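Chain and residue survey
As a plain string of letters, each chain reads:
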Amino acid sequence: MRLRSLLVAPVRAIRIDRHGMRPLGPGVWDAIVVPGCLVRDDGTPSGALRRRMDHGIALWRDGRAPVLVCSGLGRGGRPEADVMRDLALAAGVPEDAVLRERGSMNTAENARLTAGLLGAASVLVATDASHVVRCEREFGRWFDRVRATGVPLAPRSRARMAVREALREAWHA
């Protein structure tokens, strides 16, 4: 089964990329969730984490949801959610509009633990374009209405990330 999944990975990569880059359209959600990403050893956010947070903050400013959830523990010394919260506060998001989920280590846990934290019916997930399909699947298990929106990347990075995500899906199939 894995071999067959690996053989169709290039086609899946194209689907993942296209799905991640579709326009958001109108709508309001109960919360915007930003799944965590790498925090460097010195406690600073990676470029990917900063891009996700910038995207989430822009959606919050646009009135897409009243709450911004920073989700992730990560593997480093400082929780991803704490680093993300600092970015949100530095960008002018009020403290009472930022929630932290500080226990998750992967996308499935981001979804499950955020659901326990929020008790909300709908979420907008701000992530990388290649991560949109997985986020919609995982968060869809816990929320009535889910939409993930991807951060646009340069074409070369988009292709690399989509292939990586497709191979990840194939391996876990």
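Structure report, in brief. Since the model is a prediction, treat every value here as computed from it, not as a measurement.

What follows is about the nonpolar core. Residues Ile-32, Met-53, Leu-68, Ala-88 and Val-93 are the most contacted members of the largest nonpolar core, which totals 25 residues. Mapped onto this core, the elements with two or more residues apiece are β1 (31–35), α3 (47–61), β2 (68–71), α4 (80–90) and β4 (122–128). In terms of residue count, α3 provides more of this core than any other element does, 6 residues in total. With residues near it in sequence (within four places) discarded, Ile-32 still touches Gly-56, Leu-59, Trp-60, Arg-64, Ala-65, Val-67, Leu-68, Val-69, Leu-124 and Ala-126. Ranked by size, the runner-up nonpolar core spans 13 residues in total, among them Val-69, Ala-115, Phe-139 and Ala-148.

Residue position: Asn-110 is located in helix α5 (residues 107–118). Asn-110 gets classed as buried once you look at its relative accessible area, which sits at 4%. In contact with Asn-110, not counting residues within four places along its chain, are Pro-35, Gly-36, Ser-71, Gly-72, Glu-101, Ser-104 and Phe-139.

Sheet architecture is open: 5 strands sit in the order β3-β2-β1-β4-β5, paired in parallel fashion. Sheet topology places β3 (98–101) and β5 (145–151) at the edges, where each strand pairs with a single neighbour. Taken over all neighbouring pairs, the strand axes of this sheet differ in orientation by 25 degrees on average, direction set aside. Judged from the 4 bridges that link them, β2 and β3 form a sheet pairing that is parallel. Looking at the pairing, Val-69 lines up with Leu-99 of β3. The strands touched by α5 are β1, β2, β3 and β4; relative to β3, the strand with the most contacts, the crossing angle is about 130 degrees. The strands touched by helix α6 (residues 132–140) are β1, β4 and β5; relative to β5, the strand with the most contacts, the crossing angle is about 160 degrees.

Axis separation between α5 and α6 bottoms out at 8 Å; the angle between their running directions is 40 degrees. The pairing of α5 with α6 is recorded here as oblique in orientation. Crossing geometry of α5 relative to α6 is assigned as right-handed. Across the interface between the two elements, Thr-107, Ala-108, Asn-110, Ala-111 and Thr-114 from α5 touch Arg-134, Cys-135, Glu-138 and Phe-139 from α6. The residue inventory of the contact of α5 with α6, partitioned by class, reads 4 nonpolar, 3 polar and 2 charged.

Conventions and cut-offs
Residues numbered from 1 in each chain as written. Predicted model: local features only at pLDDT ≥ 70, side-chain atom pairs only at ≥ 80, totals over all residues. Heavy atoms only, no water. Core = buried A, V, L, I, M, F, W, Y, C linked by side-chain atoms within 4.5 Å. Buried < 20%, exposed > 50% of the residue type's maximum accessible area, 1.4 Å probe, protein only. Helix = DSSP H or I, 4+ residues; strand = E, 2+ residues; numbered from the N terminus. Contact = heavy atoms within 4.5 Å. Pairing = 2+ DSSP bridges. Axes fitted to C-alpha atoms, helices over the stretch in contact; angles between N-to-C directions. Parallel < 35°, antiparallel > 145°, perpendicular 65-115°, else oblique. Left-handed = near helix turned anticlockwise from the far one by under 90°. Nonpolar A, V, L, I, M, F, W, Y, C, P; charged D, E, K, R; others polar.

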